[in-house]
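Here is what each chain is made of, one letter per residue.
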Amino acid sequence: MMTNMTQAFSMSLQHSVSDDDEEEEVRVQGVELRLAISEDGEEAGPFSDLTALVLRYRHGYRRGCVLLFVGGVIVFAAAFLLAYAIFSGRYHCSQVKQGQVQQGGGAKAPAEGGVGLYLGELRVMMRKLLQDEDIHNTVSRVSRAVHPPGSSEGTALASEILQRFRQLQMDHTWTESLYATLQFPDRSQRSSLSLVDAAGLVSEQIPLNPSDFCPYSATGNATGGVVYANYGRPEDFNWLKREGVSAVGCVVVMRVGGGVSFAEKVWLAEKNGASGALIYPDPADVPQDPRRLGLNTHTAVSEHVHLGSGDPFTPGFPSFNHTQFPQIPSSGLPLIPALPITATIAAKLLSQLSGLSCPQSWQGRLPYVRCVVGPEFNNGRRIQMSVHNVMTPVLLNNIFSSLEGRVEPDQYIILGAQRDSLGPGAVKSGVGTAILLELARTFSGMVKKGFSPRRSLLFVSWDAGDFGNVGATEWLEGYLSMLHLKAVAYFSLDQAVMGDDVLSAYTSPLLVDLLDAAIRQVEHPKHAGQTIYSQAEREGGSWRILKPLHLNSGAYSFTAFAGVPAMELRFTEERAYPFVNTPLDSVSRLQEVLGGRLGVTGRSLGELVGEIVLRLAHDHILPLRITSYAQTVLQFSAQLNRRSAELQARGLSPQWVFSARGDYSRAAETLQRAIDYSDLHEPNTARFYNTRIMKVEYYFLSQYVSAVEAPFRHVIHGRGNHTLSALTEHLALLTSDPGRFDESGFRRQLALFTWTLQGAANALNGDVWSIHNMHRFTD
């Protein structure tokens, strides 16, 4: 560019010289001709040039002025271009060095953040402000004693967190209180477990810890034989059925783990006719080796058994004023009693069973136990269990603090953590609360140093998490009608540190690109000099980090119920942390597992969440992968295609699903292209696209089921007959058990899923005149 400008100015100079009048030019040429050649015919030297210059002085004066003017213009232009190159290069280098490749909707988004601060500078600022010593101190404070909802210790902790938020001097700090119905052990009558003889008389009383209970268990008695059902998964009960072992009228004994929550175990046991459920930690799943740090064999693991979240007596609507509305029991409340028991008690029961031998994969590590499934005891005895819990209305307190966005303040990025715990809760509530407070302190400090977030940041300490994320879910239910218009994403910090080796991300697919960019930036807490991404690639691939959202996750309700993209990040060890949901979940044991690196690991997790939040608060266009669900539906379409002949033989056509998937995929890609080629510096344009991007998750909530009867309406992540998983399971019956295939039921499931998907495609298209589907009237 500078070469071209120089040539242009040279041509200008030549033109100005030729404008001298002819008379003067002839005289000058005569002088130059005489001076150009010496008398002996040789070229003139420097002295001759000087003489010529003197003789040309009168006419050279005018040319000198022109040269001076042109030179000044060239210098000014060169300086301008140099400055432009330096500053644009600074921006480019800042983006490249920080690995800033806009994903999804942010492919061409201009950088914006604090006044005069680039994204790379904001990252550096965040890393400098994050501290690990505060994380350790907060975990120690939170877990110094049990602090269930409504207790004096829980109330004192809530007051301290409120005060810490206020000390940060953020834009807004407040609390919201509500009454919810929680269940606790009855102090006047303890739950019991005993062995009875054929006459029903108690032959042996089995001692229980009175503090061990399953919140929301049915109360009452159950007596019968014992059936061992491994982890209590659907495939485990299906194996028992195939082998002719009935659980009807029996108490089912199941192991902790297997990817199945306590609530799902009890629900499946009830569905298979069981009269009660006992759940124990097997040494094969929960370390109990006395020579290493682990759970002792006399400790049980407790967990709620409500197949849902929130107050089970106000399903789908808030319990802010519980006295004004009649209670409506949730369909997820179990109808059979459930108790947690220790490995010692489980060994005592299972060692006396007779019956069919169980599969090799069901074999645990209980001592002196031959793996059989029952249901009979070899001495003719039976088991009797009695559960005595009471429902209690408890005042809950959710605590909020926020930094208001400077450009789009009505768009919220929410971070939250459970505060309560039935035990000390170092992992269950301490770690999440500590990281939440540290991130709040860090971002408030960044704002004081010049960071201007485009969108608002909301930090929340939730109550009653141990009872099924009650505080968070009730808040969602209270603000459901507005959150899909305002909530950008939610990040759960619950149980964020259970180790320092393996990262897991339970997430909505919309947030995957943000996570991928973040793990490339953050150093692994255990492997110095390696990013989390590079370490994951060495150990089999970063794709292993991704996990589906699950019912007990603090992020689950936000996506499955409210349609808000959500994520829960967690560091673990290959050897499971054994103390969650027990009285042994203390900071000293957590530090022993981590080798004294609690603060360092907590800081790494905080930095990882901070990286993602920073992008969401900084970018013009929300960097969510809006095309992600097209791939999920494509996989299901492939299954339908493989069975299309069988479906068509029954008068069922998968064509409408294929069409709806194609419409959604095209709509998402069209929206992405429109974003890529738009002027994102225009505020109205950016807001227009962000509003549509924010609703993508919400579009996958089925409009054809009741939020009261089926709260988790999301067709991909939810629960119920309206979901893709239920449709897939029903489809599998065509080959596994054709007699159970319900043609009319499948037709309804397929239709509702198809129209939910088509509705999402139509919504992404925008205006009704932009929608071109084939559902037109023809003569």
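Keep in mind it's a predicted model, so treat the numbers as computed, not measured.

Q: Tell me about the sheet that holds strand S5 (residues 226-228), residues and numbers included.
A: With respect to topology, four strands assemble into an open sheet ordered S5-S6-S7-S8, the strand pairing being parallel. Looking along the sheet, the strands with just one partner apiece sit at the ends: S5 and strand S8 (338-340). When the angles between neighbouring strand axes are averaged without regard to direction, this sheet yields 20 degrees. Where strand S6 (residues 251-255) lies against strand S7 (residues 276-280), five bridges are found, and the strand directions are parallel.

Q: Now, about the packing of helix H21 (residues 655-676) against helix H22 (residues 683-694): what can you tell me, with residues and values included?
A: Between H21 and H22, the least distance of the axes is 11 Å, while the angle of their chain directions is 155 degrees. Looking at the two axes, H21 sits roughly antiparallel to H22. The crossing of H21 and H22 is left-handed. Between H21, through Leu 671, Ala 674 and Ile 675, and H22, the contact on the second element is made entirely by Tyr 689, Arg 692 and Ile 693.

Q: I'd love a proper account of the sheet that holds strand S12 (residues 455-462), names of residues and values included.
A: With mixed pairing, eight strands are arranged side by side in an open sheet as S1-S10-S12-S11-S13-S16-S14-S15. The sheet terminates laterally at strand S1 (172-185) and strand S15 (546-547), the two strands that pair on one side only. With two bridges connecting them, strand S14 (residues 502-507) and S15 associate as parallel partners. In the strand pairing of S15, Tyr 506 is matched with Lys 547. Along the sheet, H22 contacts strand S11 (408-418), S12 and strand S13 (487-492); its crossing angle with S11, the most-contacted strand, is approximately 35 degrees.

Q: Describe in detail the pairing of S13, supporting the description with residues and values.
A: In the case of a regular strand, side chains alternate between the two sheet surfaces. With six of its six residues buried, S13 lies for the most part within the structure. Across five bridges, the pairing between S11 and S13 is parallel. Each bridged residue has a counterpart across the sheet, and for Gly 416 the counterpart in S13 is Ser 492. In terms of strand pairing, S13 meets strand S16 (residues 566-572) through three bridges, oriented parallel. What sits directly across from Phe 491, in S16, is Met 567.

Q: I'd love a proper account of the pattern of salt bridges, names of residues and values included.
A: This structure, assessed with the given rule, holds 31 salt bridges. For Arg 719, the salt bridge identified is with Glu 264, shortest N-O distance 3.1 Å. Residue Arg 719 is located in the loop between helix H23 (696-699) and helix H24 (724-736), and its partner Glu 264 is located in helix H9 (residues 262-271); the two are separated by 455 residues in the primary sequence. For Arg 719, a relative accessible area of 27% corresponds to the partly exposed category. In this structure, the salt-bridge partner of Asp 466 is Lys 428, at a minimum N-O distance of 2.5 Å. Placement of Asp 466 in the loop between S12 and helix H12 (470-478) and of Lys 428 in helix H11 (residues 426-448) is noted, with a sequence separation of 38 residues between them.

Q: Before we move on, can you summarise the state of the cysteines with the specific residues and values?
A: The final tally for this structure, using the stated rule, is one disulfide. Two residues share a disulfide in this structure: Cys 358 and Cys 371, whose sulfurs sit 1.6 Å from each other. Because the sign of the S-S torsion sets the handedness, a value of about 135 degrees for the bond joining Cys 358 and Cys 371 places this disulfide among the right-handed ones. Placement of Cys 358 in the loop between helix H10 (343-350) and strand S9 (382-387) and of Cys 371 in the loop between H10 and S9 is noted, with a sequence separation of 13 residues between them.

Q: Summarise H24; cite the residues concerned and give the values.
A: Between its first and last C-alpha, H24 extends 18 Å over 13 residues, near the 18 Å set by a 1.5 Å rise per residue. Those residues of H24 not exposed but buried are Leu 724, Ala 726, Leu 727, His 730, Leu 731, Leu 733 and Leu 734. Down the axis of H24, the smallest arc covering the buried residues is 165 degrees, so these residues share one side. Every exposed residue of H24 that faces more than 90 degrees away from the buried side is listed here: Glu 729, Thr 735 and Ser 736. Lining the buried residues of H24 we find helix H19 (628-642), helix H20 (644-649) and helix H25 (743-765).

Parameters and conventions
Residues numbered from 1 in each chain as written. Predicted model: local features only at pLDDT ≥ 70, side-chain atom pairs only at ≥ 80, totals over all residues. Heavy atoms only, no water. Pairing = 2+ DSSP bridges. Helix = DSSP H or I, 4+ residues; strand = E, 2+ residues; numbered from the N terminus. Axes fitted to C-alpha atoms, helices over the stretch in contact; angles between N-to-C directions. Parallel < 35°, antiparallel > 145°, perpendicular 65-115°, else oblique. Left-handed = near helix turned anticlockwise from the far one by under 90°. Contact = heavy atoms within 4.5 Å. Buried < 20%, exposed > 50% of the residue type's maximum accessible area, 1.4 Å probe, protein only. Salt bridge = Lys/Arg side-chain N within 4 Å of Asp/Glu carboxyl O. Disulfide = S-S within 2.5 Å. Expected span 1.5 Å × (residues − 1). Arc of directions from axis to C-beta.

By themselves, these are just geometric observations and shouldn't be taken as functional.
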